[in-house]
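One-letter residues, chain by chain:
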Amino acid sequence: TMQSSGHRFRDVEHHPLLADNDTYDSSSSEADMAERVWFIRDGCGMVCAIMTWLLVVYADFVVTFVMLLPSKDFWYSLINGVLFNCLAVLALSSHLRTMLTDPGAVPKGNATKEYMDNLQLKPGEVIYKCPKCCSIKPERAHHCSICKRCIRKMDHHCPWVNNCVGEKNQRFFVLFTMYIALISAHALVLCGFQFFSCVRGQWTECSDFSPPVTVILMIFLCLEGFLFLTFTAVMFGTQIHSICNDETEIERLKSEKPTWERRLRWEGMKSVFGGQPSLLWINPFAGFRLRQLLLRGKKGGPEFSV
């Protein structure tokens, strides 16, 4: 049976509910939702996502046109240019996959008598309903007030990717933080070499830009690189720690006692990244289907097809 009194729904996120393999078979099923591009229409999140792209593009511009192209060392420019741009593409691809992937949303409005009859509940068995999105809450699902949905294994809502980080897109978020940390570190190293080279050459033929403009551009890049490296490196370490302990950030902050069988260390990593360790783990294009971008559907909830 379902508890019906309002006060029973105030804090039920830590209780065991439905098994992960339970599905909702209707016209708004998860299989249907998987065929649609997920996008959250949140003003703050969209601004943060655009800022992320602009900052990466700025870093690429400074590295390419201020530091590498004016360099007289062809191989130095070529190797670092290819490496930096490849990392930038991987970072932005990971960002897109994180932002446009359904994080594990529970179908809205599935708390119906028909659906509960299909669950074949045992006498006295208790399930929980989210009063905000009118859905049956699976185990470890939490409601996101921005996405307006219950999200399976919700870790947190990140405005920089304009999406929740949950069961289905955590891998892409981890890759995003890793690649941003790598290009930030790379940019800082290149800035160090460039400053040394410019000072040694007394700023003659150091850049196609004037010395003051070159200094300003590189100082801003250093500040950006340091801040991004610090933030994403910490976030990457936090995410890996959570995955290895099979514990989301919300569960950790609430000190929730696990009612599920924990997957520890490599089992947790394999459950998030899929299969045995391979290069596919660090490939944000793995599992990408172009037809998902070509399908069109009706707008519904916070997601729509593009």
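Residues numbered from 1 in each chain as written. Predicted model: local features only at pLDDT ≥ 70, side-chain atom pairs only at ≥ 80, totals over all residues. Heavy atoms only, no water.

Visitor: How would you sum up empty space enclosed by the protein? Please name residues and give values.
Guide: Vacant regions in the atomic arrangement are exposed by a probe of water-molecule size rolled over the atoms. Scanning the entire structure with this criterion turns up four cavities of 30 Å³ or more. Quantified by volume, the largest cavity comes out at close to 90 Å³. Listing elements by their share of the lining of the largest cavity, those giving two or more residues are α6 (211-244) and α8 (266-273). Here the lining of the largest cavity gets three residues from one element, more than from any other, and that element is α8. Here the residues of the lining of the largest cavity sort into two nonpolar, five polar and five charged. By volume, the second largest cavity amounts to about 80 Å³. V56, A59, F84, I180, I183, S184, A187, L221, E224, G225 and F228 together form the lining of the second largest cavity. Elements with a contribution of two residues or more to the lining of the second largest cavity: α2 (43-68), α5 (170-200) and α6. The residue inventory of the lining of the second largest cavity, partitioned by class, reads eight nonpolar, two polar and one charged. (1 Å grid on protein atoms, 1.4 Å probe; cavity = no way out; pocket = protein on both sides within 12 Å on 5 of 7 lines; lining within 4 Å. Points joined across faces, edges and corners; volume = space filled by probe spheres on them. Helix = DSSP H or I, 4+ residues; strand = E, 2+ residues; numbered from the N terminus. Nonpolar A, V, L, I, M, F, W, Y, C, P; charged D, E, K, R; others polar.)

Visitor: Give a description of unusual backbone geometry that names residues and reports values.
Guide: We note that R140 has phi near 70 degrees; this positive angle belongs to a residue other than glycine. On the secondary structure map, R140 appears in the loop between β2 (135-136) and β3 (141-144). Its identity is not glycine, yet K148 carries a phi of approximately 60 degrees, on the positive side. If you trace the backbone, K148 turns up in the loop between β3 and β4 (149-152).

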